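Overview (structure and organization)
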Amino acid sequence: MRWRGVALDALLAVSGTVFDLLLSGKAGGFGLLPPSMTVPMAVLVGLPMGLLRSRPMGAALSMAALLAFTDQVGSYTSNTAQILLCVAVGNAAFRCRPRAAALSVGAAILASGINMADPGIAFTSNSWMYAVLVPGFPALVGGYLRSRTSRFEPHDLTPDVLLAGAGVTIGVLSTWSSWGQGSPPVWVVGLLAVCGGLSLGVARRLPGMVLILQGLLLLAADQYLQQAVNSCLVLTMIALGVFALRVASWTWTAVAYAAGCVLASVAVVDSQTEVTPFRVAVLMLLVVAPIAIGRYLGARHSAAAAERLRAEESARLALAQVRADQLAERERIAREVHDIVAHHVGAMVLRAGAARYAAPRGPVADALTDIRDTGHQVLEDLRGLLDVLRDPGARPGLLADPADVMRESAERMAAAGLLVELRLDPDTGRAPLVARASAARIVQEGLTNVLKHAGPGTEAVVAVTARGKGLAVEIANGRPPAPVERLPSSGSGLPGMRERVRALGGTLTAGPREDGGWLLTATLPGAPAASAPPSSGGLSTFFGCESAPQEAARPGPGGDPVDGGGPVRDAGREGRGGGPVRGAGGAVPGEGAA
């Protein structure tokens, strides 16, 4: 990749040399130098341009010294050196530290003052202003670009502003001394110089139009203001380089090259110029320089864009691979969980079923039947969870109406020994299904917690009421009637309920009561909040499988921690409770353990 940098340095040096030949070639000998020194002076002033990338301070100081030298010997190359000095100072301000940049600006101001000072003419305040502002403006631009931390984007206007500023600087700085020497009024010439420079600001967007405009200005200058021809030719070459940068078609590039050769011949050749094959070849070679620079920079830009696209595509493929690996890992875990849990639960169901037929009728037989039915439901829910882990986008429906799920849960807990009172508002049927389903799961979790941590014989009141378009759930239990043996708990029930409620944009609170009991309240809006975190869908919404941070266990009745653990079983089958379960319309009698 190093040869590309060397090639760019060489192109910069050649462009500086071509610039001076176009600007000073028609002047010939001037001052103390013979005409034969035109080409050597052009090479001398173009060489520091090759140091812009590697030695920015050296390029700026060399150009300042060349400006002072060419002014003292009376060479027309001083105009080229003045313009290129602005470029070198801006580049030094962009690439060097502030102190080094300040040194280059000071040298540029001194050299510009020497260039503007004429023998026998007083150096006025206006002269000092020009001497300071001419190199100071590109230094400010370079410092601004140095402060930027990102590259130019396609929609960024900074390159356009820089091109317009450079065009105005070249157009005004190289022609302002001859504005009153032609037939057009001074203001007309000045307006054309400013407009011609500003047109470069849209060269990236409209390269063809700007190239045509610069060509027309060049032809007008050749006809009415000979002193501005060289400046118009420089602006035309810049427009030609931008055209080669932005237009990828080689056909249109060849057309633009031919037009550039014609315009250059109009500017350089006059009635007294001897046309030879060598001069024609040199002229055509000079026009190649801006096109070569433009095509080179365009190729670099295209390569960088292609590299960015490849990097983005690689990142997308890597992300897709990570997601595929995660999905495969989830499926593997799901299979492991299914194999392990299904084996033990299946064995439990078979043993309970066999014992049910061997045991006499009564509470023991009813308990064995409940164990068998619950085991079947666990296996069914486990298969649904396995489907969700394989396809996170799946969203299974409820196996029963949410109201029936809540009634069945209350009956089961009553059969297990709780004194459950269920207050189900008939208006809850108007709430959205997702809110009713979440309320049913919260009731299941809450009653399971009461049984686990308060024990049989505890009074529990469950109230589900309509609130606006949503629901309000309240589960309250009293003090345990006797010491409770601590049961195993996963500690994920209460966090799961909080995550379920948060997904709908609601709130959930849980804490001890003054009488030693426990109170859980939840509000479920009619529609999920816009800012709610996205749910993974499927059983994660209905079975409480959302991943949530583990919460510290809260003290329950009798000092036992309430962590919300325990299995959540779907209901929908007929339950037979052994205690009083009072619904919205009256009591539902129980018949024993389900």
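Residues numbered from 1 in each chain as written. Predicted model: local features only at pLDDT ≥ 70, side-chain atom pairs only at ≥ 80, totals over all residues. Heavy atoms only, no water.

1. Brief notes about the overall build of the chain
- Counting its secondary structure elements, the chain contains 17 helices and nine strands.
- Taking all 594 residues of the chain together, 44% fall into the buried category. (Helix = DSSP H or I, 4+ residues; strand = E, 2+ residues; numbered from the N terminus. Buried < 20%, exposed > 50% of the residue type's maximum accessible area, 1.4 Å probe, protein only.)

2. Things to note about the packing of helix α4 (residues 77–95) against helix α5 (residues 98–116)
- Direction vectors running N to C along α4 and α5 enclose 165°, while the axes themselves pass 9 Å from each other. With respect to each other, α4 and α5 are oriented roughly antiparallel. Crossing of α4 over α5 shows left-handed handedness. The residues of α5 that touch α4, namely those facing Ser-78, Gln-82, Leu-85, Val-89, Ala-92 and Ala-93, are Ala-101, Ser-104, Val-105, Ala-108, Ala-111, Ser-112 and Asn-115. (Axes fitted to C-alpha atoms, helices over the stretch in contact; angles between N-to-C directions. Parallel < 35°, antiparallel > 145°, perpendicular 65-115°, else oblique. Left-handed = near helix turned anticlockwise from the far one by under 90°. Contact = heavy atoms within 4.5 Å.)

3. Notes on the pairing of strand β1 (residues 419–424)
- Bridge count for β1 against strand β2 (residues 459–467) is six bridges, and the pairing is parallel. Paired with Leu-419 across the strands is Glu-459, a residue of β2.
- The handedness of the β1 to β2 crossover, carried by helix α15 (residues 433–453), is left-handed. (Pairing = 2+ DSSP bridges. Right-handed = clockwise from strand over helix to strand, strands pointing away.)

4. Section: the packing of aromatic side chains
- Within the structure shown, the criterion is met by zero aromatic pairs.
- The positively charged end of Arg-295 is found above the aromatic ring belonging to Trp-250, 3.9 Å away from the centroid. (Phe/Tyr/Trp six-rings, centres within 6.5 Å; stacked < 30°, edge-to-face > 60°. Lys NZ or Arg CZ within 6 Å of the ring centre and 35° of its normal.)

5. What about the pairing of strand β5 (residues 518–524)?
- By the alternation rule, side chains of β5 split into Trp-518, Leu-520, Ala-522 and Leu-524, which are all buried, and Leu-519, Thr-521 and Thr-523, of which none is buried.
- Alignment of strand β3 (residues 470–477) against β5, held across seven bridges, turns out to be antiparallel. Bridge assignment links Glu-474 to a residue of β5, and that residue is Thr-521.
- Examined bridge by bridge, strand β4 (residues 507–512) and β5 share six bridges and lie antiparallel to one another. Residue pairing for β5: Thr-507 is matched across the bridge by Thr-523.
- Remark: five residues form the turn of the hairpin made by β4 and β5, two consecutive strands paired antiparallel; Gly-516 in that turn has positive phi of roughly 95°.

6. What about the packing of helix α9 (residues 207–224) against helix α11 (residues 250–268)?
- At a closest axis distance of 10 Å, the pairing of α9 and α11 adopts a crossing angle of 15°. As far as their axial angle goes, α11 and α9 are roughly parallel. Classified by chirality, the crossing of α11 by α9 is left-handed. Only Ala-256, Leu-263, Val-266 and Ala-267 of α11 make contact with α9, whose side of the interface consists of Leu-211, Gly-215, Leu-218, Leu-219 and Asp-222.

7. Details of the nonpolar core
- In this structure, Met-63, Leu-85, Leu-218 and Leu-240 are the most contacted members of the largest nonpolar core, which totals 57 residues.
- When contributions to this core are tallied by element, the ones reaching two or more residues are α1 (2–24), α3 (56–72), α4, α5, α9, α10 (229–246), α11 and α12 (277–358).
- Sort the elements by how many residues they give to this core and α10 lands first, with eleven residues.
- For Leu-240, the residues in contact, after removing those within four places along its chain, are Leu-211, Ala-256, Tyr-257, Gly-260, Val-287, Pro-290 and Ile-291.
- Counting 34 residues, the second-largest nonpolar core is a separate cluster that includes Val-420, Ala-435, Leu-494 and Ala-522. (Core = buried A, V, L, I, M, F, W, Y, C linked by side-chain atoms within 4.5 Å.)

8. Points about the confidence of the model for the chain
- The predicted model of the chain has a mean per-residue pLDDT of 75, with 75% of residues at 70 or higher.
- The low-confidence segment residues 529–594, where pLDDT is below 50, has 196 contacts with residues more than four positions distant or belonging to other chains. (pLDDT = per-residue confidence, 0-100.)

9. Focus on α4
- Over its 19 residues, α4 runs 26 Å from end to end, which matches the ideal 27 Å to within 8%, given 1.5 Å per residue.
- When you tally the buried positions in α4, you get 15 out of 19 residues, the bulk of the element. (Expected span 1.5 Å × (residues − 1).)

10. Here we look at α10
- Relative to the 26 Å expected for 18 residues at 1.5 Å per residue, α10 spans 26 Å between its end C-alpha atoms, a close match to the ideal helical length.
- Taking burial as the measure, the 18 residues of α10 include 15 buried ones, the bulk of the element.

11. Some details on a nonpolar patch on the surface
- There is a patch of nonpolar side chains on the surface, built from Val-202, Leu-206, Met-209, Ile-212, Leu-216 and Leu-219 and spanning about 580 Å² of accessible area.
- The topology assignment puts Leu-216 in helix α9. (Patch = residues over 30% accessible without salt bridge, like charges linked within 9 Å, V, L, I, M, F, W, Y side chains within 5 Å. Areas by Shrake-Rupley, 256 points an atom, 1.4 Å probe, with all protein chains shown as cover. Salt bridge = Lys/Arg side-chain N within 4 Å of Asp/Glu carboxyl O.)

12. Regarding the environment of Ala-42
- Here Ala-42 is to be found in helix α2 (residues 38–46).
- Judged by its relative accessible area of 0%, Ala-42 is buried.
- Residues Ala-42 and Gly-16, 26 residues apart in the sequence, show an inter-C-alpha distance of 7.7 Å.
- Those residues within four positions of Ala-42 in sequence are excluded, and the remaining contacts are Thr-17, Asp-20 and Leu-21.

13. Quick word on the pattern of salt bridges
- A complete count under the given rule lists nine salt bridges for this structure.
- In this structure, Glu-313 and Arg-316 form a salt bridge, with 2.5 Å as the shortest nitrogen-oxygen distance. Separated by three residues within a single helix, Glu-313 and Arg-316 lie in helix α12, roughly one turn from each other.
- According to the relative accessible area criterion, Glu-313 is partly exposed, its value standing at 34%.
- Ionic pairing is found between Glu-421 and Arg-423, a salt bridge with its closest N-O pair at 3.0 Å.
- The class for Arg-423 is partly exposed, based on a relative accessible area of 43%.

14. Side note on the side chain of Thr-458
- Mapped onto the elements of the fold, Thr-458 is located in the loop between α15 and β2.
- At a separation of 3.1 Å, a polar atom in the side chain of Thr-458 contacts the main-chain carbonyl oxygen of Ala-454.
- A polar contact of 2.9 Å, which involves the side chain of Thr-458, links it to the backbone oxygen of Gly-455.
- What Thr-458 contacts, discounting residues up to four positions off in sequence, is Leu-418, Leu-419, Val-450, Asn-477, Gly-478, Arg-479, Pro-480 and Pro-481. (Polar contact = N/O pair within 3.5 Å; in protein donor to acceptor, adjacent residues only side chain to side chain.)

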